[in-house]
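# Residue-level structure breakdown
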Amino acid sequence: MEDLSLTELVEHTEKEKPFYLNKIMPLKEALEETEKQLILNAYQSLNSSYKVAKALNISQSAAHRKIQKYYKGK
């Protein structure tokens, strides 16, 4: 798959799986849930921690850790 910009990635994943926070929760939980959805959707679309890292503008090692964290808890 070609490299996607973050905007294209978000638009692509939003079409597949809308995600809404529909309740009041602690900000830390909301941020973690948002990060989880973004990481999982990016990895499902891109199938590479290197591509996820590039699309999300994070290091490859951070992308790898987050993918492991959220896939383990899936």
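My aim in this report is to walk through the structure given alongside it, one point at a time. As the structure is a prediction and not an experimental result, all values here were calculated from the model.

So, how was this worked out
- Residues numbered from 1 in each chain as written.
- Predicted model: local features only at pLDDT ≥ 70, side-chain atom pairs only at ≥ 80, totals over all residues.
- Heavy atoms only, no water.
- Helix = DSSP H or I, 4+ residues; strand = E, 2+ residues; numbered from the N terminus.
- Buried < 20%, exposed > 50% of the residue type's maximum accessible area, 1.4 Å probe, protein only.
- Contact = heavy atoms within 4.5 Å.
- Areas by Shrake-Rupley, 256 points an atom, 1.4 Å probe, with all protein chains shown as cover.
- Salt bridge = Lys/Arg side-chain N within 4 Å of Asp/Glu carboxyl O.
- Core = buried A, V, L, I, M, F, W, Y, C linked by side-chain atoms within 4.5 Å.
- Axes fitted to C-alpha atoms, helices over the stretch in contact; angles between N-to-C directions.
- Parallel < 35°, antiparallel > 145°, perpendicular 65-115°, else oblique.
- Left-handed = near helix turned anticlockwise from the far one by under 90°.

### A short note on the overall build of the protein chain
- A count of helical and extended segments in the protein chain gives 4 helices and 0 strands.
- When its helices and strands are written in sequence order, the protein chain yields α-α-α-α.
- Relative to its 74 residues, the protein chain shows a buried fraction of 28%.
- Sequence-distant contacts in the protein chain: of pairs separated by 6 or more residues, those separated by 24 or more amount to 60%.
- Accessible surface for the protein chain amounts to roughly 5400 Å². Of this, 53% is attributable to carbon and sulfur atoms.

### Quick look at the pattern of salt bridges
- Scanning all chains against the criterion turns up 2 salt bridges.
- One salt bridge in this structure joins Lys 66 and Glu 35, with 2.9 Å as the shortest N-O distance. Taken together, the residues span a long stretch of sequence, with Lys 66 in helix H4 (residues 60–72) and Glu 35 in helix H2 (residues 27–46) at a distance of 31 residues.
- Accessibility expressed as a relative area gives 25% for Lys 66, which makes it partly exposed.
- A residue is classified by how much of its surface remains accessible, and Glu 35, at 26% relative accessible area, is partly exposed.

### A look at the environment of Ala 53
- Along the chain, the position of Ala 53 falls in helix H3 (residues 49–56).
- For Ala 53, a relative accessible area of 5% puts it in the buried group.
- Measuring from C-alpha to C-alpha, the distance between Ala 53 and Ile 39 comes to 9.4 Å, with 14 residues separating the pair along the chain.
- What Ala 53 contacts, discounting residues up to four positions off in sequence, is Ile 58, Ser 59, Gln 60 and Ala 63.

### Here we look at the nonpolar core
- Within the largest apolar cluster, 11 residues are counted, these being Ile 39, Leu 40, Ala 42, Leu 46, Val 52, Ala 53, Ala 55, Leu 56, Ala 63, Ile 67 and Tyr 70.
- Secondary-structure elements contributing two or more residues to this core are H2, H3 and H4.

### A short note on the packing of H2 against H3
- H3 packs onto H2 with a crossing angle of 125° between their chain directions and a minimal axis gap of 9 Å. Here H3 runs oblique to H2, going by the angle between their axes. Crossing geometry of H2 relative to H3 is assigned as right-handed. Residues Leu 38, Ile 39, Ala 42, Tyr 43 and Leu 46 of H2 form the contact with H3, whose own contacting residues are Ser 49, Lys 51, Val 52, Ala 55 and Leu 56.

### Concerning the environment of Lys 36
- Structurally, the position occupied by Lys 36 is in helix H2.
- Accessibility expressed as a relative area gives 21% for Lys 36, which makes it partly exposed.
- Along the chain, Lys 36 and Lys 66 lie 30 residues apart, while their C-alpha atoms are 7.9 Å from each other.

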